[in-house]
Amino acid sequence: MSAAVEVRDLRRSFGQVRAVDGATWSAESGCVTAVLGPNGAGKTTMIEILEGLGRADSGTARVLGVDPWDASADHRARVGVMLQDGGLPTRSKPLALLGHLASLYAAPSRVEELARRLDLTSFAGTIVRRLSGGQRQRVALAAALVGRPDVAFLDEPTAGLDPHARLEVWDLVRSEADRGAAVVVTTHSFEEAERLADRIVIVGKGQVVASGPLAEVAAGSSLEERYFSLTGRQAGR
Amino acid sequence: MTGQPGSSAGSVTEVGGAAPPAARIRAQAGHEVRTLLANGEQLLVAVVLPAMALLGLALAHSPSLGTGRRIDVATPGVLALAVISTAFTGQAIATGFDRRYGVLRLLGVTPLGRSGLLVARLVAVLVVEALQVLLLGGLGLVLGWEPRATGIPIALLVGVLGTATFVSLALLLAGTLRAEGVLAVANLLWVVMLGLGVVLPTERLPHALGVVARLTPGGALGDALRGALEHATLHWAGLGVLLVWLVLGAAGAVRWFRWSD
């Protein structure tokens, strides 16, 4: 079976800086894959290429068997994206915005379900600009999932959330994987990776330094210890 | 349940895919229009200030607008100002800040996509302009404006060309400068163009200034709309100038527009 997300020998440079330098990893449907790595390790560049927001210099990036660059509207409908900066129009109200985004998909709306699960109704009348960081995170997550994606890229989905909201988000992410989606979560939280992920990808200096099931990557120690031993030079910078 | 990846291998989405292209663009254009109409500052620049300019020019005796009836000269100029407000100033600022906040990136990865977003924005601009024409044209008629009926199709052609020109210039500005820079420059240019042949005919300006004004997109649009609605004539020079700015703006936007800040 081919993977839902496949990255092979991917390379992307910005001038003299090799942001992604021969990375290879994959993510399966029905699994949560956590991508960890220090700032500047190339995670964002790699994920942006998979989202169709950037182009690789060489190598292969495939999402659902398709090159994401210039992919069709139907392909984009199968891929949900939660951006780090949210990307939410500042003057929109959350539910109206989600209703609008849902109208771009053929699938029936799931705004009500997401609003209930992520408790969006409590601030439904507030425009995005006036929401707290955590509230915006939840709206951005709902925006990524509103089209029932087959693949979801979630950039730090629980950053800035209180413990209750974090549990809700983890439950939701898990249920997305349980319904069959391939969920790729970029995170700096070892707790998040350990509690949520089926598979781990650790990125350092533009390359994948470890990937596989959590237990295999942790190799008998904690994920945190393993992470620092693998990315020590970056962590120490 | 585990879904099979790949388009031919099936999907976890039972009723999936994108909405049809026309539905996507209609939805986004409607969203953009509602956002524009809910924006007080934008309404001020798009309707209130042009309406005040129209009232002032129609009711006052100076500055001189030339030989024609004041209201017949003033209304086309104010319609030109309305086009510039929506297609240039409003679009540049909205796009500049949407770029800053990642909205362009987010919409680019939805089924709408980048090209759908551009088309929807253009449709939204045309819809808002139609509302402006109804309101400001209606005000002009109340004040005694008598446009030449045979000039109306020409004015529509000029209006569409002017819109395309100013949207391309707005995208060039919004896609290359930081959001604060876009805000400052777009507002500044609105004020500068206001005095450079948009509301006042370029021939009423001092000679050297008139020559410059005729080469600006604002002056060209103002003269071409006055030519159409006051005299039912095609103002070729104005159309030519608009076309040159359209080519420059579109080529610059294609070359330099950046989707993220």
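The structure this text deals with has already been given above.
Each value, and the rule that gives it
Counting restarts for each chain: residues are numbered from 1 in the order of the written sequence. Lettering of chains starts at A and numbering of ligands starts at 1, both following the order in which they are written. At least 70 in pLDDT is required for a residue's local features to be given in this predicted model, at least 80 for side-chain atom pairs to be given and counted, and no such filter applies to totals for whole chains, interfaces and linings, which use all residues. Just so you know, side-chain values use all the structure's heavy atoms and leave hydrogens and water out. To qualify as a helix, a DSSP run of H or I must reach at least 4 residues; to qualify as a strand, a run of E must reach at least 2; elements of each kind are numbered from the N terminus. Here the radius of gyration uses the C-alpha set of atoms, whereas the globule reference equals 2.2 Å times the residue count to the power 0.38. Here, Shrake-Rupley sampling with a 1.4 Å probe gives the accessible areas, and only protein chains in the shown set may cover a residue. By the counting scheme adopted, Arg and Lys are positive, Glu and Asp are negative, and His together with the chain ends is not counted. Where a charge lies is defined by one atom per residue type, namely NZ (Lys), CZ (Arg), CG (Asp) and CD (Glu). Two strands qualify as a pair provided that DSSP identifies no fewer than 2 bridges between them. The angle between two axes is taken between their N-to-C directions and runs from 0 to 180 degrees, where each axis is a line fitted to C-alpha atoms and a helix contributes only its stretch in contact. Any two residues having at least one pair of non-hydrogen atoms within 4.5 Å are treated as being in contact. The distinction between a cavity and a pocket rests on a 1 Å grid over the protein atoms alone: a 1.4 Å probe fits inside a cavity but cannot get out, while a pocket stays open yet meets protein on both sides within 12 Å along at least five of seven lines, and a residue with an atom within 4 Å of a point counts as lining. Grid points are joined across faces, edges and corners, and a volume is the space filled by probe spheres set on the points. Residue polarity follows a fixed list, in which Ala, Val, Leu, Ile, Met, Phe, Trp, Tyr, Cys and Pro are nonpolar, Asp, Glu, Lys and Arg are charged, and the others, Gly among them, are polar. Buried area is understood as the total, over both parts, of accessible area removed when two parts are fitted together, assessed with a 1.4 Å probe. Any Lys or Arg side-chain nitrogen located within 4 Å of an Asp or Glu carboxyl oxygen qualifies as a salt bridge. Polar contact is defined as a pair of N or O atoms within 3.5 Å, subject to the rule that within protein one atom must be able to donate a hydrogen and the other to accept it, and that residues adjacent in sequence are counted only when both atoms are side-chain atoms.

Chemist: Outline the overall build of chain A, listing residues and values.
Modeler: From N to C terminus, chain A includes ten helices and nine strands. Whereas a compact globule of 237 residues would reach a radius of gyration of roughly 18 Å, chain A reaches 17 Å, a difference of no more than 12%. Taken over the C-alpha atoms alone, chain A extends approximately 45 × 40 × 35 Å along its principal axes. As displayed, chain A offers around 9600 Å² of accessible surface, 45% of which is attributable to carbon and sulfur atoms. The distance from the centre of the 28 positive side-chain charges to the centre of the 29 negative ones in chain A is 5 Å.

Chemist: Talk me through the sheet that holds strand 8 (residues 199–204) of chain A; I want residue IDs and the actual numbers.
Modeler: In a beta sheet, neighbouring strands are held together by backbone hydrogen bonds and run either parallel or antiparallel to one another. All names here are of chain A. Spatially, six strands are ordered 5-6-7-3-8-9 in an open sheet, and the strand pairing comes out mixed. The open sheet has two edge strands with one neighbour each: strand 5 (79–82) and strand 9 (207–213). Sheet twist, expressed as the mean angle between neighbouring strand axes with direction ignored, is 15 degrees. With respect to the sheet, helix 5 (residues 133–145) is in contact with strand 5 and strand 6 (151–155), its orientation differing from that of strand 5 by roughly 165 degrees.

Chemist: Help me get a handle on the layout of surface pockets, residues and values and all.
Modeler: Roughly 650 Å³ of internal volume is contained in the largest pocket. Lining the largest pocket are 32 residues, and of these A:R91, B:N39, B:I93, B:A94 and B:F97 lie nearest its centre. Elements with a minimum of two residues in the lining of the largest pocket: helix 3 (94–102) of chain A together with helix 1 (21–37), helix 2 (40–59), helix 3 (70–100), helix 4 (103–109) and helix 7 (179–198) of chain B. With seven residues, the single largest contributor to the lining of the largest pocket is helix 3 of chain B. Looking at side-chain class alone, the lining of the largest pocket contains 13 nonpolar, 13 polar and six charged residues. For the second largest pocket, the calculated volume is near 440 Å³. Along the walls of the second largest pocket sit 20 residues, with B:L79, B:V133, B:A155, B:L156 and B:L229 positioned nearest its centre. Only helix 3, helix 5 (113–142), helix 6 (152–174) and helix 9 (217–231) of chain B provide two or more residues apiece to the lining of the second largest pocket. In terms of residue class, the lining of the second largest pocket is built from 15 nonpolar, four polar and one charged.

Chemist: With reference to specific residues and values, describe the interface of chain B and chain A.
Modeler: For interface size, the figure often reported is the accessible area lost on association. At the interface, 36 residues of chain B touch 44 residues of chain A. Here chain B and chain A share an interface that buries about 3300 Å² over both sides, 57% of which is from carbon and sulfur atoms. At the boundary of chain B and chain A, one finds two salt bridges. For B:E41, the salt bridge goes to A:R91, with nearest N and O atoms at 3.6 Å. Our count for the chain B to chain A interface comes out at eight residue pairs in polar contact (both at pLDDT 80 or more). Listing elements by their share of the side of chain B that touches chain A, those giving two or more residues are helix 1, helix 4 and helix 5 of chain B. For the side of chain B that touches chain A, the element with the highest residue contribution is helix 4 of chain B, accounting for six residues.

Chemist: How would you summarise the pairing of strand 1 (residues 5–14) of chain A if you had to cite specific residues and measurements?
Modeler: Residues and elements named next belong to chain A. Examined bridge by bridge, strand 1 and strand 2 (residues 17–27) share eight bridges and lie antiparallel to one another. If you follow V5 over to strand 2, its bridge partner there is A27. Linkage of strand 1 to strand 2, two consecutive antiparallel strands, is achieved through a turn of two residues, within which G15 is found at a positive phi near 65 degrees. Pairing of strand 1 with strand 4 (residues 58–63), which is carried by five bridges, proceeds in the antiparallel orientation. Looking across to strand 4, one finds that E6 is bridged to R62.

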